[in-house]
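Below are the chains, spelled out letter by letter.
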Amino acid sequence: MAEIDLQKIVSHCKEYGFIFPSSEIYDNLGAVYDYGPFGVELKNHIKEYWWKSMVQMHENIVGLDSAIFMHPTTWKASGHVDSFSDPLIDNKDSKKRYRADVLLEEKIDKLKEKGEKELAKKNLSAASEEEKAKASRDYAKGLTLEAEYTKAAEASDFKRYKELIEEYEIACEVSGSKNWTDVRQFNLMFGTKLGAVDEDATDLYLRPETAQGIFVNFLNVQKTARMKVPFGIAQIGKAFRNEIVARQFIFRMREFEQMEMQFFVRPGSELEWFAKWKETRMKWHLALGTAPENLRFHVHEKLAHYANAAEDIQFKFPIGFKELEGIHSRTDFDLTEHQKFSGKKLQYFDSELNQNYVPYVIETSIGLDRMFLRVMSECLMEEALENGETRTVLRLPAALAPIKVAILPLIKKDGLPEKAREIMDVLKFVGRTFYEEKDSIGKRYRRMDALGTPFCITVDHQTLEDNTVTIRERDTMQQDRIAIADIEKIVGAKIDMNNLLRKAI
Ligand code: GAP
């Protein structure tokens with residue numbers, strides 16, 4: 001099976017109507033993408049999988065759909081105005097802007113990778129870090145830079161970032177020069193205005209995360225849904241960030257969607273819940289049939305000021321192991337800050353303890369687009385067939401597939417199209433169907449494989465005689481003759497979202 005790189009995924013998504021660059025006829029808008037006819041179906045199924053497993057399957061989690069625009073003080077209270085920023089550095093010759101932390105992290109990776117190659121030749125890949133550092137100068141340099149960078153990051157010492165960039169002779173990829181400006185902090189929030197007249201307009205931000213909509217509605221939800229701690233509020237929605245390094249397709253976008261859940265717990269019980277949610281979320285990911293070695297936890301060394309524990313679930317994307325979901329123990333920081341800034345109490349009366357308190361919060365936060373990229377990365381395959389040909393197949397879990405069943409009349413005449421449409425009229429109540437009569441049957445099968453369609457139904461002359469069809473299964477390519485009356489049962493059983501949900505919770 002051939003390796004699928006990011007470029008292949010990008011081309012596949014464009015060619016088969018999953019994802020298009022935004023405003024393509026005007027030469028695109030950087031790091032913004034549009035989902036095409038099959039992309040939007042897949043994305044909706046991922047949302048459904050998340051929503052059902054988080055909200056429908058947990059009686060103590062309820063949903064919310066809060067607005068993108070929020071009162072500007074929200075972002076002062078949450079800390080985003082003062083500290084939601086990236087350290088940027090410009091090359092004076094090319095004028096190209098970089099994230100200083102990314103330059104340093106890439107340099108560390110390069111040094112270690114170079115070292116690893118050297119160590120592999122010496123059969124030292126499994127040696128201890130100390131032995132590796134002794135045997136390879138590059139590996140040792142990588143480790144030293146990593147230690148220095150971590151120290152600087154923990155102290156938010158951006159002057160040191162620049163010194164390290166200079167000491168390790170990091171050059172601009174455009175000009176090749178090492179002529180750098182100082183490192184400056186750049187806020188990632190997009191600003192906009194509310195109001196018709198400029199002077200009276202209020203400065204607003206497009207939300208950089210959906211979580212704050214949950215926090216400010218904490219009491220509204222708790223009271224109206226009659227929730228008792230511990231309980232959660234879940235929401236799916238758009239978020240906006242003015243990302244500087246945004247060149248990895250839908251991995252890092254300027255407009256993206258998040259699926260977030262804030263779980264409110266008694267103070268003191270948060271680390272126990274943190275461990276539970278880590279386990280629950282990993283189970284959700286594994287239920288998709290992912291090889292366990294492609295998923296791992298990554299512990300945050302440097303905790304945000306509001307967190308007392310934080311881990312990421314990382315997935316092995318074609319660009320390496322990267323963050324897919326964050327699980328954070330956010331303490332009572334957000335609710336307490338909103339109390340302070342709004343002057344309104346955001347407390348819960350715990351009748352069992354006979355006590356008022358500000359609940360602590362465990363957050364699970366996953367990017368929907370990043371989840372889409374993960375699904376594409378693990379399901380898109382190029383397989384060598386016995387006849388020497390290669391087929392491109394998207395082995396999606398059937399519950400996520402954009403089209404559930406394709407109906408293909410063998411030829412465009414003799415009443416076969418009419419019979420096919422009759423079958424389609426029944427199957428459209430089971431899931432999304434697709435009718436196709438153009439091209440040879442082999443070509444039509446290949447197109448459905450590339451779209452991830454789990455079943456193809458072929459209607460031929462025998463169908464008119466005995467009401468049977470050929471059903472072809474995507475993964476095995478096996479073809480069976482079955483009665484039309486049985487299609488609904490066979491397809492329905494395979495595409496049922498409950499197949500995933502039963503494994504996920
Ligand atoms: N409320 C917490 C929060 O927003 P985060 O780690 O900044 O935490 C959570 O974001 C998740 O959102 C990430 O794990 C990632 O999946 C997704 N995400 C963040 N920035 C993104 C971007 N620019 N493009 C696509 N997805 C992004």
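Residues numbered from 1 in each chain as written. Predicted model: local features only at pLDDT ≥ 70, side-chain atom pairs only at ≥ 80, totals over all residues. Heavy atoms only, no water.

Draft legend 1. Looking closely at the overall build of the chain. Counting secondary structure elements, the chain contains 18 helices and 23 strands. In terms of its C-alpha atoms, the chain occupies a principal-axis envelope of roughly 80 × 65 × 55 Å. For the chain, the residues scored as buried account for 51% of the 505 residues in total. A fraction of 66% describes how many contacts in the chain between residues 6 or more apart in sequence connect residues 24 or more apart. (Helix = DSSP H or I, 4+ residues; strand = E, 2+ residues; numbered from the N terminus. Buried < 20%, exposed > 50% of the residue type's maximum accessible area, 1.4 Å probe, protein only. Contact = heavy atoms within 4.5 Å.)

Draft legend 2. Structural detail: the layout of surface pockets. Reported here for the second largest pocket is a volume of approximately 710 Å³. If you trace the second largest pocket, you find 30 residues lining it, with N294, S377, E378, C379 and M381 closest to the centre. At the level of elements, strand 12 (309-317), helix 13 (368-379), strand 17 (380-384) and helix 18 (498-504) are the ones that each hand at least two residues to the lining of the second largest pocket. Of the residues assigned to the lining of the second largest pocket, the class counts are 17 nonpolar, 5 polar and 8 charged. Inspection of the lining of the second largest pocket shows a minimum of three residues originating in each of domain 1 (40-70 + 188-384) and domain 3 (391-504). (1 Å grid on protein atoms, 1.4 Å probe; cavity = no way out; pocket = protein on both sides within 12 Å on 5 of 7 lines; lining within 4 Å. Points joined across faces, edges and corners; volume = space filled by probe spheres on them. Nonpolar A, V, L, I, M, F, W, Y, C, P; charged D, E, K, R; others polar. Domains from an automatic or database assignment.)

Draft legend 3. Highlighting the domain arrangement of the chain. Domain parsing of the chain yields domain 1 (40-70 + 188-384), domain 2 (85-187) and domain 3 (391-504). A separation of 37 Å is found between the C-alpha centroids of domain 1 and domain 3. Between domain 1 and domain 3, the contact holds 21 residues from the first and 18 residues from the second. With both chains or domains summed, domain 1 and domain 3 bury close to 1,800 Å², and 67% of this area falls on carbon and sulfur atoms. Three residues stand out in domain 1 for area buried against domain 3, namely H45, C379 and E383, and they jointly supply 29% of the buried area on that side. Inspection of the region where domain 1 meets domain 3 yields 3 salt bridges. (Buried area = accessible area lost by both parts, 1.4 Å probe. Salt bridge = Lys/Arg side-chain N within 4 Å of Asp/Glu carboxyl O.)

Draft legend 4. Structural context of the packing of aromatic side chains. Evaluation of the coordinates by the stated rule reveals 19 aromatic pairs. Ring pairing ties together the aromatic residues F215, F218, F231 and F264, which thus form one cluster. Over the ring of W284 we find R281, and its NZ or CZ is 4.2 Å from the ring centre. For the cation-ring pair, R330 lies above Y306, with the distance from its terminal atom to the ring centre recorded as 4.5 Å. (Phe/Tyr/Trp six-rings, centres within 6.5 Å; stacked < 30°, edge-to-face > 60°. Lys NZ or Arg CZ within 6 Å of the ring centre and 35° of its normal.)

Draft legend 5. Molecular detail of the sheet that holds strand 4 (residues 85-90). As summarised here, the arrangement of the 3 strands in space is 5-4-6, forming an open sheet in which the pairing is antiparallel. Single-partner strands in this sheet number two, and they are strand 5 (97-99) and strand 6 (184-187). Taking the axes of each pair of neighbouring strands and ignoring which way they run, one obtains an average angle of 45° across the sheet. The sheet contact formed by strand 4 and strand 5 spans 3 bridges and is antiparallel. Paired with I89 across the bridge in strand 5 is Y98. Packed on one face of the sheet, helix 5 (residues 100-121) meets strand 4 and strand 5 and runs near 65° to strand 5. (Pairing = 2+ DSSP bridges. Axes fitted to C-alpha atoms, helices over the stretch in contact; angles between N-to-C directions.)

Draft legend 6. Local environment of the pattern of salt bridges. Scanning all chains against the criterion turns up 45 salt bridges. The salt bridge partner of E24 is K14, with a shortest N-O separation of 3.0 Å. Of this pair, E24 sits in the loop between strand 1 (19-21) and strand 2 (33-35) while K14 is found in helix 1 (residues 6-15), placing the two residues 10 residues apart along the sequence. The salt bridge involving D460 is made with R481; its shortest N-O contact spans 2.8 Å.

Draft legend 7. Local environment of the side chain of Q262. The residue Q262 is located in strand 10 (residues 255-265) in this model. Among the residues examined, Q262 registers a relative accessible area of 0% and is labelled buried. Among the polar contacts made by the side chain of Q262, one reaches the side chain of E363 at a distance of 2.8 Å. (Polar contact = N/O pair within 3.5 Å; in protein donor to acceptor, adjacent residues only side chain to side chain.)

Draft legend 8. The side chain of D138, seen in detail. Note that D138 resides in helix 7 (residues 137-154). Take D138: its relative accessible area is 16%, and that puts it in the buried class. Setting aside residues up to four positions removed in sequence, D138 forms contacts with L111, K114, G115 and E118.

Draft legend 9. Summary view of the nonpolar core. One finds F18, L42, I46, Y49, W50, F372 and L400 to be the most contacted residues of the largest nonpolar core, which totals 71 residues. Of the residues that make up this core, three or more belong to each of domain 1 (40-70 + 188-384) and domain 3 (391-504). (Core = buried A, V, L, I, M, F, W, Y, C linked by side-chain atoms within 4.5 Å.)

Draft legend 10. Quick look at the state of the cysteines. Counted under the stated rule, the structure contains 0 disulfides. Looking at the unpaired C13, the closest cysteine sulfur is the one in C379, lying at 12 Å. Residue classification places C13 among the buried residues on the basis of a relative accessible area of 0%. In this structure C456 is not part of a disulfide, and its nearest cysteine sulfur, from C379, lies 17 Å away. Taking the relative accessible area as the measure of exposure, C456 reaches 1% and is therefore buried. (Disulfide = S-S within 2.5 Å.)

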